[in-house]
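# Report on the structure
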Amino acid sequence: MNVNEYIFFAGFVILQFVVLATAWNILGGYAGYVNFGVPAFIAVGAYSAVVLFKSISAPLVVQIIGGGILAGLLGLMVGLLTLKLRGIFFSIATVAVVFILETVVMNWRYVGGATGLQLTRPPDLWIFDTYTRMLFFVMAVLAVCSVSIARYIQDSFLGRGLRAVRDSEEAAECSGVPTLKIKLIACTISGALMGVAGAPMPMYLSYIEPTATFNLNYSISALGMPIIGGTSHWIGPVIGALLLATIQQIVTVTVSNELNVLVVGVLLVLFVVLAPDGILGLIKKWKQSSK
Amino acid sequence: MISIDLLFEAVLFGILLGCFYAAVSLGLSVAFGLLDVPYVAHPALLILGSYFTFLLSKTGLDPIICGLLLMPVFYLIGIALYRFYYETFERRSSDTGVRGLAFFFGIAFIIEVCLILVFGVDQRTVSATYIGSSLEIGEYRFPYRMLVAFGIAIFLTTLLTLYFSKTFNGRAIKAVGQDEGALRLMGANPVKIKQLAFGIATAVNALAGAMLIIVGPVEPAMDRIYIGRTFCVVVLAGLGSMSGTLVAGLILGIAESVVMMTLGASWAPAVSFGLLLLMLGIRPQGLFGR
């Protein structure tokens, strides 16, 4: 096949953001708990993959599963620690997790410390022409899986419980919703999916380094995309991620890396102020007025 | 092994550092501690204050004077920001939690990226006669820049404590955090009072920003680490207590200084975030909380 390799390179990032936005929305959109600590989960996924690769040269699938499990455990731990915290306290606690883990990794020689670690990709290509194409395919599968999970959760007992928690935690508890349990489950699933999205990163870049991995820019994107798309339905984060990540890729190539953060920031503020229900809300309004 | 002498020096430096941390957190203590506004953009505005000081000081003015001159400007920025927040979120009272947080988080990133686009990612410093030299007492050296920050910190804390306990408006600000309805019954407009408080919180940030660039070089992405330091101090203090803020700042300053001395500077960022997480996990209402 004679397709520009860059399509796969950029497509990987866009699909990665579909996973991240979907994962963020399970906790942030359904339950109303704003997670600022997205890079912590990505990094746990990525660094687990690095350790698995370096120690036993585990294949990519094992790296992804390992990263997902550890990030899920981190989600559970964050959930346990912040059980009683709401609103901004929860959000600030998640930021704290990012910086604490970053400091630990910075001082951890085995995974390269502050300078980072160069990784050599294994020649294993499966049925693909290049390694990037294989990673693109893997990320596409992960995106489909995570969106399916989010879609399943939305109409399940868990989803209804989380929405009850968002509207009023006290009322939910009084009506017999096991709020603590479902919050912990949501934290774990959300964290695990973010870890899964981060696990292929070291192989994608053939390199890992803490400052870029623990970058809070991931937070603003993973939070901005669902809010811009619409948080009430599983398709919202998908729309937001596809749209914004594509814009970001174009902006990164044509203008600069800084500007793509600005794009998300400005759009996020505009949507939060002018269209609180995101693109989905706008579509709904438009449908109603055209009737 | 760490000698007692070195430890003593670390504690001394920690006290200076702690007062500095208290001063950069005062604005947040008012905006978040007293008013319950999820003001995540506070550290970004702090850095903005530093950069404005940097610009003004190019004219040859002393950085402290620059900070003082910027206070009215930041007062207006604060009022505008609160007015906007109130009109779009608080008045509609529609799910302020998620959207209010996302709003201020977005603002913080916009400020940071704009600073990068205008000034670049390089570190910036200001110059003044007291930067670079130290006061020597016996075998201990106190950098003048830290002493200046120490002075400003004490001045600001005293001023705010007096303002909140002695004046009508100050007491009203304290009251609005406790019971808005009661304040309305007393014939004061809670929105105007909150607006005033937010203006003061942001104005204090201008001087704190000037102090930040006096103490050391400033770069646009620095607001991220200061999320930890400022929120750590405010949560540790118990929301909205001014004297508590000073004590909490001292605790953080000494802890950071001792960790830097014993484990090395690369562990310093974890101190504030670690203390913050510990506090949130064990006692979210803070040491001196209501």
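Residues numbered from 1 in each chain as written. Chains lettered and ligands numbered in written order. Predicted model: local features only at pLDDT ≥ 70, side-chain atom pairs only at ≥ 80, totals over all residues. Heavy atoms only, no water.

What follows concerns the overall build of chain B. Counting its regular elements, chain B contains 11 helices and 2 strands. Here chain B has a C-alpha radius of gyration of 19 Å; the compact-globule value for 290 residues is 19 Å, and the two agree. Of all intrachain contacts in chain B linking residues separated by at least 6 positions in sequence, the fraction that spans at least 24 positions is 77%. For chain B, the exposed area adds up to about 11,600 Å²; of that, 66% sits on carbon and sulfur atoms. Taken together, the 18 basic and 16 acidic charged side chains of chain B have centroids lying 11 Å from each other. (Helix = DSSP H or I, 4+ residues; strand = E, 2+ residues; numbered from the N terminus. Rg over C-alpha atoms; globule rule 2.2 N^0.38 Å. Contact = heavy atoms within 4.5 Å. Areas by Shrake-Rupley, 256 points an atom, 1.4 Å probe, with all protein chains shown as cover. Lys, Arg positive; Asp, Glu negative; His and termini not counted. Charge placed at Lys NZ, Arg CZ, Asp CG, Glu CD.)

Now for the confidence of the model for chain B. All names here are of chain B. On average, residues of chain B carry a pLDDT of 87, and 97% of them reach 70 or more. Summarising per-element confidence for chain B, the mean pLDDT is lowest in helix α7 (residues 180-185) (78) and highest in helix α2 (residues 42-57) (93). Reported for the predicted complex are a pTM of 0.92 and an ipTM of 0.89. (pLDDT = per-residue confidence, 0-100.)

All names here are of chain A. Although it is not a glycine, S57 adopts a positive phi angle of roughly 35 degrees. Position of S57 among the secondary structure elements: in the loop between α2 (38-56) and α3 (60-81). Judged by its relative accessible area of 53%, S57 falls in the exposed class. (Buried < 20%, exposed > 50% of the residue type's maximum accessible area, 1.4 Å probe, protein only.)

Here we come to helix α6 (residues 168-178) of chain B. Residue and element names in this part refer to chain B. Taken together, the buried positions of α6 are occupied by G170, A172, I173, V176 and G177. Burial along α6 is one-sided: seen end-on, the buried residues are contained in an arc of 160 degrees. With respect to the buried face of α6, the exposed residues turned more than 90 degrees away are F168, R171 and Q178. Summarising the contacts, the buried residues of α6 are in contact with α1 (4-34), α5 (144-166), α7 and α8 (190-215). Capping the start of α6 is the job of one residue whose side-chain oxygen sits 3.0 Å from the backbone nitrogen of G170: T167. (Arc of directions from axis to C-beta. Polar contact = N/O pair within 3.5 Å; in protein donor to acceptor, adjacent residues only side chain to side chain.)

Residue-level contacts link 39 residues of chain B with 39 residues of chain A. Buried surface at the junction of chain B and chain A, summed over both partners, amounts to about 3,500 Å²; 84% is from carbon and sulfur atoms. Looking at the side of chain B facing chain A, the largest losses of area belong to B:R99, B:F105 and B:L277, adding up to 17% of the total buried there. Joining chain B to chain A, the criterion identifies 1 salt bridge. A salt bridge links B:R99 to A:D277, with the shortest nitrogen-to-oxygen separation between them at 3.5 Å. At the surface where chain B touches chain A, the tally comes to 6 residue pairs in polar contact (both at pLDDT 80 or more). (Buried area = accessible area lost by both parts, 1.4 Å probe. Salt bridge = Lys/Arg side-chain N within 4 Å of Asp/Glu carboxyl O.)

Scanning the model with the defined rule gives 30 aromatic pairs over all chains in all. When the centroid spacing of 6.0 Å and the interplanar angle of 85 degrees are considered together, the rings of B:F52 and B:F74 count as edge-to-face. In this pair, B:F52 sits in helix α2 while B:F74 sits in helix α3 (residues 63-90), placing the two residues 22 residues apart along the sequence. Its relative accessible area of 28% is what places B:F52 among the partly exposed residues. Judged by relative accessible area, B:F74 falls into the buried class, the value being 0%. Of the aromatic side chains, those joined through ring pairs into one cluster are B:Y39, B:Y82, B:F84, B:Y85, B:Y86, B:F89, B:F103, B:F104 and B:F198. Over the aromatic face of A:Y110 sits the side chain of A:K54, whose NZ or CZ is 4.1 Å from the ring centroid. In this structure, B:R229 packs its charged tip against the face of B:Y226, placed 5.1 Å from the ring centre. (Phe/Tyr/Trp six-rings, centres within 6.5 Å; stacked < 30°, edge-to-face > 60°. Lys NZ or Arg CZ within 6 Å of the ring centre and 35° of its normal.)

A separate point is the side chain of A:S146. Residue and element names in this part refer to chain A. For S146, the location among the structural elements is in helix α5 (residues 131-155). A distance of 3.1 Å separates a polar side-chain atom of S146 from the backbone oxygen of A143. Residues contacting S146, with those up to four places away along its chain left out, are V19, T22 and L193.

Moving on to the nonpolar core. Residue and element names in this part refer to chain B. Core analysis: the largest hydrophobic core is formed by 206 residues, its most contacted members being F20 and F104. For this core, the element with the most residues is α8, which contributes 17 residues. In contact with F20, not counting residues within four places along its chain, are A149, A153, M211, L212, V215 and Y226. (Core = buried A, V, L, I, M, F, W, Y, C linked by side-chain atoms within 4.5 Å.)

Moving on: the pattern of salt bridges. Note that side chains of opposite charge can pair when their charged atoms are close. According to the stated counting rule, one finds 8 salt bridges over all chains in the structure shown. In this structure, A:R133 engages A:D129 in a salt bridge whose closest nitrogen and oxygen atoms are separated by 3.3 Å. In this structure, B:E112 and B:R224 form a salt bridge, with 2.9 Å as the shortest nitrogen-oxygen distance. Linking B:E112 in helix α4 (residues 96-119) with B:R224 in helix α9 (residues 223-237), this pair joins segments that are 112 residues apart in sequence. Of the residues examined, B:E112 reaches a relative accessible area of 5% and is grouped as buried. Residue B:R224 is classed as buried on the basis of its relative accessible area of 12%. By sharing partners, the salt bridges in this structure join A:E5, A:D129 and A:R133 into a single network.

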